[in-house]
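For reference, the chains in residue letters:
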Amino acid sequence: MVLFSVFMAGADASAQDIISLTTVIDSSIRNSPAVKSSNAAVSQQQHLLKSAINLPNPEILLQNPTGHFYTIGVQQIFDFPTVYSVQRKIQKENIKLAETATKYTLMDVKYQLHILYSELQYQHQLMLLWQKQDSAYGKISKNADRAFNAGTIDFVQSSFARVQAGQIRTNYNLAKANFYGTMQQIKTLSGIRVDFTPDSLTSIGMLAISTADTSLGHNYSLLYDQQQITINERRIQLERQKALPGFTVAYLNQGEKNTIFQNRFYAGLRIPLWFWQYSGNIKAAKIQVEVSKYDAEANKMRLTGEMQAAYMKHLAYSEALVHYNSQILQDANALTNALNRFYTSGNYSYTDYLRNLNDANEVRKTYWETLKNYNQTLIYIQYLNGTL
């Protein structure tokens, strides 16, 4: 029943509204839980900025200094003031990190929808191709059956025509299943509820990609890594500031009940005598910076390799499309027209006609596949260089 409903839906595909890639992407961004999560993370880090100056709670004391009466005192501990300024700087960098992560997430969502929409365009073209051929091959198969019954062709030609018609019908059904499967993915991600027709599959643009376009300077994954390095470097500063003296300020009456007010205060200095623990924390923070730099370098090497591979594929697909548009498609159309004339005039066997017709169809299918691969490679290059 599911397949039947999919195939019946294919019959009404031409009556569906066209929904553009821009509409799909805008709807997907509004509907994406990942985008909502990343935006919430930015808000979270902004709220944490208020707690960057993280003072310990004051201590309320009830004591009996002379054995004759109780008095209340208050004590507050402070780190060295620069600790709080560095903590605030780190939190500001955390906000930038969350904002970079949001941009990274947006880029991922856009890339995913670009690829799915491109795949949908390709599958739509295949569905139209096999739909047209299904009608034509069905007629040829019926003509072959009549010719066999009339004794004008042999069993081999009649059977071959039926086999080819069945194969084309299978191709058509598979194309429809793939088309509506991909559409369902897009509908799930975008929140679009109705079936639709994509824009026609055309090249994004026969762009001359230069070496400047293969730069990774605006790649959000690398920008995220760089921001993480900045935060870790700030943490070295924080550990160094924590090695500075701290302060204690208190209001405590240590004398008689009638001790004057100004003599009830005291201040203390916390000396960082246990230097080894501070030294260990500083060294650990420095190592963390090295780790983050190595991770960033490894990520950059991986992305550079992927960019170079995508660039080479782009050149290959560009050259192939030039040949298809200048000659190959024209030859395939000329071959199809000649085959139809020979078949109509009765000067061509069913077997030879269908075999050559299959070759022409395979050329068209390969063209659409090459065009899809060209577009998807260009999309990936734009994703990697941060311009998608």
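This text follows the structure it describes.
The structure presented is a predicted model; accordingly, all values stated were derived computationally and were not measured.

Visitor: I'm lost on the pattern of salt bridges in this one. Help?
Guide: Side chains bearing opposite charge may pair, as long as their charged atoms lie close to each other. Enumeration according to the criterion identifies eight salt bridges in this entry. One salt bridge connects arginine 162 with aspartate 145, and the closest N-O pair in it is separated by 2.9 Å. With arginine 162 in helix α5 (residues 155-190) and aspartate 145 in helix α4 (residues 81-150), the pair connects residues that are 17 residues apart, well separated along the chain. Ionic pairing is found between lysine 365 and glutamate 369, a salt bridge with its closest N-O pair at 4.0 Å.

Visitor: It is not clear to me how the nonpolar core should be interpreted in this structure. Could you clarify?
Guide: The nonpolar side chains of a soluble globular protein tend to be buried with one another. Val24 and Phe196 are the most contacted members of the largest nonpolar core, which totals 46 residues. Secondary structure elements with two or more residues in this core: α2 (21-31), α4, α5, α7 (275-345) and α8 (350-384). Ranked by residues supplied to this core, first place goes to α4 with 14 residues. Setting aside residues no more than four positions away along its own chain, valine 24 makes contact with Ile19, Leu113, Tyr117, Ile186, Ser190, Ile192 and Phe196.

Visitor: Please explain the sheet that holds strand β1 (residues 59-63) as it appears in this structure.
Guide: Hydrogen bonds between backbone atoms are what pair the strands of a sheet, whose relative direction is either parallel or antiparallel. Read from one edge to the other, the open sheet built from four strands follows the order β1-β2-β3-β4, with strand pairing classed as antiparallel. Looking at which strands have only one partner, the edges of the open sheet turn out to be β1 and β4 (265-270). The mean angle between the axes of side-by-side strands here comes to 20 degrees, regardless of whether they run parallel or antiparallel. Where β1 and strand β2 (residues 71-78) come together, five bridges link them in antiparallel fashion. The residue of β2 that forms the bridge with glutamate 59 is glutamine 75.

Visitor: Honestly, the packing of α4 against α8 in this entry has me stumped. Any pointers?
Guide: Packed helix pairs are characterised by how far apart their axes lie and by the angle those axes make with each other. Taken N-terminus to C-terminus, the directions of α4 and α8 make an angle of 175 degrees; their axes are 10 Å apart at the nearest point. Considered as vectors, α4 and α8 are oriented roughly antiparallel to each other. Classifying every residue of the contact of α4 with α8 gives 20 nonpolar, nine polar and six charged.

Reading guide: rules and limits
- Residues numbered from 1 in each chain as written.
- Predicted model: local features only at pLDDT ≥ 70, side-chain atom pairs only at ≥ 80, totals over all residues.
- Heavy atoms only, no water.
- Salt bridge = Lys/Arg side-chain N within 4 Å of Asp/Glu carboxyl O.
- Helix = DSSP H or I, 4+ residues; strand = E, 2+ residues; numbered from the N terminus.
- Core = buried A, V, L, I, M, F, W, Y, C linked by side-chain atoms within 4.5 Å.
- Buried < 20%, exposed > 50% of the residue type's maximum accessible area, 1.4 Å probe, protein only.
- Contact = heavy atoms within 4.5 Å.
- Pairing = 2+ DSSP bridges.
- Axes fitted to C-alpha atoms, helices over the stretch in contact; angles between N-to-C directions.
- Parallel < 35°, antiparallel > 145°, perpendicular 65-115°, else oblique.
- Nonpolar A, V, L, I, M, F, W, Y, C, P; charged D, E, K, R; others polar.

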